[in-house]
Amino acid sequence: MKSNAPLPWPLKVLGILFFVAVIALILLVQVDRTLLGAAAIGAAAVAVLLGLSLAADFNGSARWLGQFARDNASLFFNGSAPDSGVYRIAGVGFAVLGVAIGAVVLTHLPQ
């Protein structure tokens, strides 16, 4: 039985922003390196916000991912799927990764 629950707005908005930030980062590396730092900080900030949204289960983001995984459990071994706690832990990891990328960019990017 598939659920028809809509994607929560934090995942939708931050996912689109993260995609746009990564594309902008890739294009700026190729075209103009003067804005590279700003684009990298923007991508890291969106990654932190996305991770915090999952970690805090903002507007049911982690629960939605858990339900989506259970509804599509055939993708997993033996038909089992992780619950929302796994996605909260992944959100913390995503936020820490965003902070680490931001720190590296701020400390090692030439001015």
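Residues numbered from 1 in each chain as written. Predicted model: local features only at pLDDT ≥ 70, side-chain atom pairs only at ≥ 80, totals over all residues. Heavy atoms only, no water.

(A) Up close: a nonpolar patch on the surface. Residues Ile-16, Phe-19, Val-20, Val-22, Ile-23, Ile-26 and Leu-27 make up a contiguous nonpolar surface patch of roughly 640 Å² in combined accessible area. Relative to the elements of secondary structure, Leu-27 occurs in helix H1 (residues 9–30). (Patch = residues over 30% accessible without salt bridge, like charges linked within 9 Å, V, L, I, M, F, W, Y side chains within 5 Å. Areas by Shrake-Rupley, 256 points an atom, 1.4 Å probe, with all protein chains shown as cover. Salt bridge = Lys/Arg side-chain N within 4 Å of Asp/Glu carboxyl O. Helix = DSSP H or I, 4+ residues; strand = E, 2+ residues; numbered from the N terminus.)

(B) Region of the structure containing the side chain of Ser-53. Here Ser-53 is to be found in helix H2 (residues 36–55). Judged by its relative accessible area of 6%, Ser-53 is buried. Once residues within four sequence positions are removed from consideration, Ser-53 is found in contact with Pro-10, Leu-14, Phe-58 and Ser-61. (Buried < 20%, exposed > 50% of the residue type's maximum accessible area, 1.4 Å probe, protein only. Contact = heavy atoms within 4.5 Å.)

(C) Structural detail: helix H3 (residues 61–71). What H3 keeps buried is the set Ser-61, Ala-62, Trp-64, Gly-66, Ala-69 and Asp-71. Against the buried residues of H3 lie H1, H2 and helix H4 (84–108).

(D) View of the packing of H3 against H4. It is the contact of H3 with H4, at a shortest axis distance of 8 Å, that shows an interaxial angle of 125 degrees. What the angle tells us is that H3 and H4 run oblique. Between H3 and H4 lies a crossing whose hand is right-handed. Between H3 and H4, the residues in contact are Ala-62, Arg-63, Leu-65, Gly-66 and Ala-69 and Ser-84, Tyr-87 and Arg-88, respectively. Here the residues of the contact of H3 with H4 sort into four nonpolar, two polar and two charged. (Axes fitted to C-alpha atoms, helices over the stretch in contact; angles between N-to-C directions. Parallel < 35°, antiparallel > 145°, perpendicular 65-115°, else oblique. Left-handed = near helix turned anticlockwise from the far one by under 90°. Nonpolar A, V, L, I, M, F, W, Y, C, P; charged D, E, K, R; others polar.)

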